[in-house]
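Inside the fold
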Amino acid sequence: MLAVEPVVAPLEVLMSTPAPEGLGYPQPRPRVSVEELLAAKNTQPIRSLDDLAADTFESDEELEEFLAFTYAERRRDAA
């Protein structure tokens, strides 16, 4: 019988190089006031609760199913 010798692959070592100047850390952002941020996003103040209203659930039954599921999950996680 012929003997088969295992082939040993050379180990490969990966090395990293330093990041180019200025890319090693995130650059600080310029300070912007809250008013400037709101103006940039063209936001409007909330004038009534109707501004926050949304038709998320199609029916009261769908809302009740969602709430039952949510409460059950909270109890399950607390156990």
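Within each chain, residue numbers correspond to sequence positions counted from 1 in written order. Only residues with pLDDT of at least 70 get local features here, since the model is predicted, and only at 80 or more are side-chain atom pairs given and counted; chain-wide, interface and lining totals rely on the full set of residues. No hydrogens and no water enter the side-chain calculation; it runs on all heavy atoms of the structure.

1. Points about the overall build of the protein
The helix and strand labels rest on DSSP assignments: H or I over at least four residues marks a helix, E over at least two residues marks a strand, and numbering proceeds from the N terminus. The helix and strand tally for the protein stands at two helices and zero strands. Scored against the burial criterion, the 79 residues of the protein give a buried share of 1%. Using a 1.4 Å probe, accessible areas were evaluated by the Shrake-Rupley method; residue-level cover was limited to the displayed protein chains. For the protein, the exposed surface amounts to about 8,900 Å²; the carbon and sulfur share of it is 59%. Only protein chains enter the area calculation, which uses a 1.4 Å probe; residues under 20% of their type maximum are buried, those over 50% are exposed, and those in between are partly exposed.

2. Topic: the pattern of salt bridges
Every case where a carboxyl oxygen of Asp or Glu lies within 4 Å of a side-chain nitrogen of Lys or Arg is listed as a salt bridge. All told, the structure shown has one salt bridge when counted by the stated rule. With a closest N to O distance of 2.7 Å, Arg76 and Glu73 form a salt bridge. Placement of the pair is Arg76 and Glu73 together in helix α2 (residues 60-78), with a separation of three residues, close to one helical turn.

3. What about a nonpolar patch on the surface?
On the surface, a cluster of nonpolar side chains totalling about 360 Å² of accessible area is made up of Ile46, Leu49 and Leu52. You can see Leu52 is positioned in the loop between α1 (34-40) and α2. The residues that make up patches have over 30% relative accessible area and no salt bridge, and they are joined within 9 Å when like-charged or within 5 Å when they are Val, Leu, Ile, Met, Phe, Trp or Tyr.

4. Thoughts on a negative patch on the surface
None of His or the chain ends enter the tally, which takes Lys and Arg as positive and Asp and Glu as negative. By convention, charge coordinates are those of NZ in Lys, CZ in Arg, CG in Asp, or CD in Glu. A cluster of acidic residues, Glu58, Asp60, Glu61, Glu62, Glu64 and Glu65, forms a negative patch on the protein surface. Secondary-structure assignment places Glu65 in helix α2.

5. A short note on the packing of aromatic side chains
Under the pairing criterion, centres of Phe, Tyr and Trp rings, with the six-membered ring standing for Trp, must be within 6.5 Å; the plane angle then separates stacked pairs below 30 degrees from edge-to-face pairs above 60, leaving the rest tilted. Scanning the model with the defined rule gives one aromatic pair in all. A ring pair is formed by Phe57 and Phe66, whose centres lie 5.2 Å apart and whose planes are at 40 degrees; its orientation type is tilted. By relative accessible area, Phe57 is classed as partly exposed at 30%. Classification of Phe66 as partly exposed rests on a relative accessible area of 40%.

6. Here we look at unusual backbone geometry
In this structure, Asn42 is a non-glycine residue whose phi angle is positive, near 55 degrees. Topologically, Asn42 is positioned in the loop between α1 and α2.

7. What about α2?
Taking 1.5 Å per residue, 19 residues should reach 27 Å; α2 reaches 27 Å between its end C-alpha atoms and fits that length. With one of its 19 residues buried, α2 lies for the most part at the surface. Each residue after the first adds 1.5 Å to the expected span of a helix.

8. Section: the environment of Glu73
Note on Glu73: relative accessible area 25%, which makes it partly exposed. Each polar contact in these results corresponds to two N or O atoms within 3.5 Å; when the atoms are within protein, one needs to be able to donate a hydrogen and the other to accept it, and residues that are neighboring in sequence are counted only if both atoms are side-chain atoms. Within the local environment of Glu73, its side chain forms a polar contact with the side chain of Arg76, the two groups lying 2.7 Å apart.

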